[in-house]
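Each chain, letter by letter, is given below.
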Amino acid sequence: MTTTLRPEGAEHSWPGGGRSRRWQICVNGRPVGGLRTTALPRGSQWWGEISELEVTEGRRRGRATIGALAAEEVLRGWGCTRLDVAVPAEATGALALARVLGYTERMRNMAKPLGSPPPLPGGLTVHRIGPAEYDGWLAESEAGYLADLLGSGLTGAQARAKADADHQHVLPQREATEGVALRQLRDDGGAVLGSLWLALRQSTVPDGSPLAWVMVVQVPEARRGAGHGRSLMLLAEHECLAAGVHHLGLNVFSHNEVATGLYRSLGYRVTLRVLGKQLY
C-alpha cells in the first residue's frame, strides 16, 4: 500500500507572507485522514507547523506517522528550518507519536478560571509602565525571553527572530497598545520588585468568554526567592477581574521547573504542549 498526501483545497496566504494548506492522507488514492501544514516567517527564518492531524480509517497502521513525515517534507520544501506541533493535554496518543518522531517538548500552555484572588501582600505598590520606563522594561523583557527561547532548544538565529517578531506583533503601540496591562510591583521605597505584561483579551475559551494571557512575569535576579513572582501572578488576576475577564492563561517553558511549580500551586493546569524539532 502507498500512503501519500493530496491537496484538499487551495493554498491559503497569511499576512506577512505565511502560507497554509490542508491535505488528505491517502492510501492507494483513498482518503483515510487529513492534516494541515503552515509556514510562518520569523525574521529571516521560516517556521513550520503541523496541525489538524487525524486518521479516520485504519488507525494503528502507521498512517499518522507516514502522514506527519510527509508533512515534514512539504515544510522542508517551503523553506522551513524549524517545525512545531501543538498537542492538547488530553491527546496522549498524539504526544507519544510526536516523541517517537523526534520532537522535544519545549513549552506548555496552562490556564485557570478565576475566582476571587487574595489581596496583594502589604508593603507593595503597583505602578503603570509608562513612556519613561518602557524602553528599559522592554530591553529586560526581550533579554529574558531570548534566554528562555535558547533554553527551549532554538538556535541563536531562531530565538532572536522569534523574540523580535513576537514583541513587535503584540506591542505595536508600545506602552499605549490597547488591551495590554504593563505593571511594575514596587516596595515602599520605590524599588522595583518585578514586572508584569498582561494581554487582557488574547483569545477566548470554548464558551466564547475572553481569555487573558500572562505574556511576561519578570523578577530581578537579586529579588528572587521572596515570593514576588506569586505576587505578580495575583496582580494579574486582579487586573483581569477589574477588566471583566474571568479566564487566565500563560505559557511556561518546559525547562523552567520553578515557574511550573508556582503556577501549579496557584491552580493552573496544562492545556497544551508544544513540541519542536530542527528540519535542517
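Procedures and definitions
Residues numbered from 1 in each chain as written. Predicted model: local features only at pLDDT ≥ 70, side-chain atom pairs only at ≥ 80, totals over all residues. Heavy atoms only, no water. Helix = DSSP H or I, 4+ residues; strand = E, 2+ residues; numbered from the N terminus. Expected span 1.5 Å × (residues − 1). Buried < 20%, exposed > 50% of the residue type's maximum accessible area, 1.4 Å probe, protein only. Phe/Tyr/Trp six-rings, centres within 6.5 Å; stacked < 30°, edge-to-face > 60°. Pairing = 2+ DSSP bridges. Axes fitted to C-alpha atoms, helices over the stretch in contact; angles between N-to-C directions. Parallel < 35°, antiparallel > 145°, perpendicular 65-115°, else oblique. Left-handed = near helix turned anticlockwise from the far one by under 90°. Contact = heavy atoms within 4.5 Å. Nonpolar A, V, L, I, M, F, W, Y, C, P; charged D, E, K, R; others polar. Polar contact = N/O pair within 3.5 Å; in protein donor to acceptor, adjacent residues only side chain to side chain.

Colleague: Explain helix α4 (residues 156-170) residue by residue, including any values.
Modeller: Spanning 15 residues, α4 covers 22 Å between terminal C-alpha atoms, matching the ideal 21 Å at 1.5 Å per step. Looking only at α4, the buried set comprises Gln158, Ala159, Ala161, Lys162, Ala163, Asp166, His167 and Val170.

Colleague: I'd love a proper account of the packing of aromatic side chains, names of residues and values included.
Modeller: Scanning all chains against the criterion turns up 4 aromatic pairs. Ring centres 5.7 Å apart and planes at 45 degrees place the aromatic pair Tyr134 and Trp137 in the tilted group. Linking Tyr134 with Trp137, this pair stays in helix α3 (residues 131-151), spanning 3 residues, or about one helical turn. Across the pair, exposure class does not vary: Tyr134 and Trp137 are buried alike. Relative to Phe253, the ring of Tyr145 lies with its centre 6.4 Å away and its plane at 50 degrees, an arrangement referred to as tilted. Separated by 108 residues along the polypeptide, Tyr145 in helix α3 and Phe253 in strand β12 (residues 247-253) bring together distant segments of the chain.

Colleague: Could you give an account of the pairing of strand β7 (residues 104-113), naming the residues involved and the relevant values?
Modeller: Where burial is concerned, most of β7 is hidden: 7 out of the 10 residues are buried. Two strands pair when backbone bridges link them, and β7 and strand β13 (residues 269-278) are joined in this way by 7 bridges, in the antiparallel orientation. Bridged to Met110 within β13 is Val270. Here β7 pairs with β12 via 7 bridges, running antiparallel. By the bridge assignment for β12, Ala111 is matched with Gly249.

Colleague: Would you mind going over unusual backbone geometry in detail, with residue names and values included?
Modeller: The residue Glu52 is not glycine, and still its phi comes out positive at about 55 degrees. Among the structural elements, Glu52 can be located in strand β5 (residues 45-55). You can call Glu52 partly exposed: its relative accessible area is 42%. One non-glycine residue, Arg174, lies in the positive phi region at around 55 degrees. For Arg174, a relative accessible area of 35% corresponds to the partly exposed category.

Colleague: Tell me about the packing of helix α5 (residues 228-242) against helix α6 (residues 257-265), and please be specific about residues and values.
Modeller: It is the contact of α5 with α6, at a shortest axis distance of 11 Å, that shows an interaxial angle of 50 degrees. Between α5 and α6, the angle falls in the class oblique. As for how α5 packs across α6, the hand of that crossing is right-handed. Within the contact between the two elements, α5 uses Gly229, Arg230 and Met233 and α6 uses Leu262, Tyr263 and Ser265. Of the residues contributing to the contact of α5 with α6, the split by class is 3 nonpolar, 2 polar and 1 charged.

Colleague: Tell me what's going on with the side chain of Glu72, and back it up with residues and numbers.
Modeller: Mapped onto the elements, Glu72 comes out in helix α1 (residues 63-77). Since its relative accessible area comes to 3%, Glu72 is described here as buried. A distance of 2.8 Å separates polar atoms of two side chains, one belonging to Glu72 and the other to Tyr103.

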